[in-house]
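Descriptive analysis of the structure
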Amino acid sequence: MAKYFCNVCEVEFESDDENPVCPVCGASGDDLVKQEDEAE
Ligand SMILES: [Zn+2]
């Protein structure tokens, strides 16, 4: 699972999809920022 942050509604969510869609507002593409896991 990769984490994504939605710049439109500012929610964080997880998705395995190559082209994830925000579950809250439906944003996709450049509106989503992939989050790198910082904790090991
Ligand atoms: Zn959103």
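Structural data are supplied above this passage.
Here's what I pulled together on the structure shown here. Everything numeric here is computed off the predicted structure, so don't read it as measured data.

1. Description of the overall build of the protein chain
Check the secondary structure of the protein chain and you find zero helices and three strands. For the protein chain, with 40 residues in total, the buried portion stands at 8%. Residue pairs in contact within the protein chain that sit at least 24 positions apart in sequence constitute 29% of those at least 6 positions apart.

2. Remarks on the sheet that holds strand S3 (residues 32-35)
Across a sheet, strands are paired by hydrogen bonds formed along the backbone, either parallel or antiparallel in direction. Reading across the sheet, the three strands line up as S2-S1-S3 and stay open at both edges, with antiparallel pairing between neighbours. Looking along the sheet, the strands with just one partner apiece sit at the ends: strand S2 (12-15) and S3. Adjacent strand axes in the sheet meet at a mean angle of 35° when their direction is disregarded. Where strand S1 (residues 2-6) and S2 come together, four bridges link them in antiparallel fashion. Looking across to S2, one finds that Phe5 is bridged to Glu12.

The rules behind each value
- Residues numbered from 1 in each chain as written.
- Predicted model: local features only at pLDDT ≥ 70, side-chain atom pairs only at ≥ 80, totals over all residues.
- Helix = DSSP H or I, 4+ residues; strand = E, 2+ residues; numbered from the N terminus.
- Buried ≥ 20, exposed ≤ 12 C-beta atoms within 10 Å, placed from the backbone.
- Contact = placed C-beta atoms within 7 Å.
- Pairing = 2+ DSSP bridges.
- Axes fitted to C-alpha atoms, helices over the stretch in contact; angles between N-to-C directions.

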